[in-house]
Amino acid sequence: MLIALDFSAVFASWPLLVRGVVWTIALTIVGTVLGLLLGTVCAWARARNLGHRPTALRWAVASYVELVRNTPFIVQLFFLFFGLPALGLKLSPEFASVLAMVINLGAYSAEIIRAGIEATPRGQIEAAHSLALTPGQTFRRVVLPPALQKVWPAMVSQIIIVMLGSAVCGQISTPELSYAANLISSNTFRAFEAFILATAVYLVLSMLTRRLLVWVGTRFLVGR
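So, how was this worked out
- Residues numbered from 1 in each chain as written.
- Predicted model: local features only at pLDDT ≥ 70, side-chain atom pairs only at ≥ 80, totals over all residues.
- Heavy atoms only, no water.
- Helix = DSSP H or I, 4+ residues; strand = E, 2+ residues; numbered from the N terminus.
- Buried < 20%, exposed > 50% of the residue type's maximum accessible area, 1.4 Å probe, protein only.
- Areas by Shrake-Rupley, 256 points an atom, 1.4 Å probe, with all protein chains shown as cover.
- Lys, Arg positive; Asp, Glu negative; His and termini not counted.
- Charge placed at Lys NZ, Arg CZ, Asp CG, Glu CD.
- Core = buried A, V, L, I, M, F, W, Y, C linked by side-chain atoms within 4.5 Å.
- Contact = heavy atoms within 4.5 Å.
- Axes fitted to C-alpha atoms, helices over the stretch in contact; angles between N-to-C directions.
- Parallel < 35°, antiparallel > 145°, perpendicular 65-115°, else oblique.
- Left-handed = near helix turned anticlockwise from the far one by under 90°.

With that settled, the discussion passes to the overall build of the chain. In terms of helices and strands, the chain carries nine helices and zero strands. Dimensions of the chain, computed from C-alpha atoms along their principal axes, come out at roughly 70 × 45 × 30 Å. Within the span of the chain, comprising 224 residues, buried residues form 45% of the whole. Summed over its atoms, the accessible surface of the chain is roughly 12,100 Å², and 70% of this surface lies on carbon and sulfur atoms. Across the chain, the centroid of the 17 positively charged side chains sits 12 Å from that of the 8 negatively charged ones.

This part takes up the nonpolar core. Counting 37 residues, the largest nonpolar core has L50, I113, I117 and M155 as its most contacted members. Of all the elements in the fold, those that place two or more residues in this core are α2 (14-46), α4 (73-83), α5 (93-118) and α7 (135-165). With 12 residues, α7 is the largest single contributor of residues to this core. Once residues lying within four places of it in the same chain are set aside, the contact partners of L50 are W44, I117, R122, I125, F139 and V143.

Another aspect to go through is the packing of helix α8 (residues 177-188) against helix α9 (residues 191-220). Running from N to C, α8 and α9 cross one another at 165°; their axes reach a closest spacing of 8 Å. By the angle between their directions, the pair α8 and α9 is classed as roughly antiparallel. Considering how the two elements wind past one another, α8 and α9 form a crossing that is right-handed. Across the interface between the two elements, L177, S178, A181, N182, I184 and S185 from α8 touch A191, A194, F195, A198, V201 and Y202 from α9.

Take T138: it is sitting in helix α7. On the basis of relative accessibility, which here comes to 2%, the residue T138 falls in the buried class. Non-local contacts of T138, meaning those with residues more than four positions away in its chain, are made with I125, A128, H129, L133 and V143.

Right, let's talk about unusual backbone geometry for a bit. Peptide bonds are trans in most cases, and residues, glycine excluded, mostly fall at negative phi. One non-glycine residue, S173, lies in the positive phi region at around 75°. Checked against the element boundaries, S173 lands in the loop between α7 and α8. Accessibility expressed as a relative area gives 40% for S173, which makes it partly exposed. Not every positive phi belongs to a glycine, and F189 is a case in point at roughly 60°. Considering the arrangement of structural elements, one finds F189 in the loop between α8 and α9.

Here it is, written out as structure tokens:
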């Protein structure tokens, strides 16, 4: 059975595709920046070789990390968008999507960064203390840069996973790429063509994102 492909109707809806790509990129950028910041703070709270941390803080962070890493992203998204209104907190689809991506990446990146932190030699930390660096300075200047350098390849893969996971956000009407493909499919009845194009765009975005993040790691982490 031959399938007659016709992309003309899909390409005619290019404004929807462009809008979807822009939203996917925006969600990825905001989710990555805030998620890495959250993950860094959580990794600091859980790291064993950085001195004593309040037990309550460590337990709270550990509970957050385990909860997020052992539940599906779509459940987390639906909880924020459909569950929180029952408590009187209504979020827009866009804000719920960003928040879900930040929470998800924060938990996964916390464990990735923690692995890098705990690989830092104890003598390196003690040397920083002997130079009268404060704990904050020691963490920012001595511990974190080499830790990120060690785990950056794993972090790149996790960021791309989160970017691809943004496709789920279309389920709550966030106008990202998969939502645009669904809308074009409904309007043109060319579902096969619409999702072929969406697949190709996701592939290109993933490759470009990986190249960009590898460059960032090479430019700002290697050699520090």
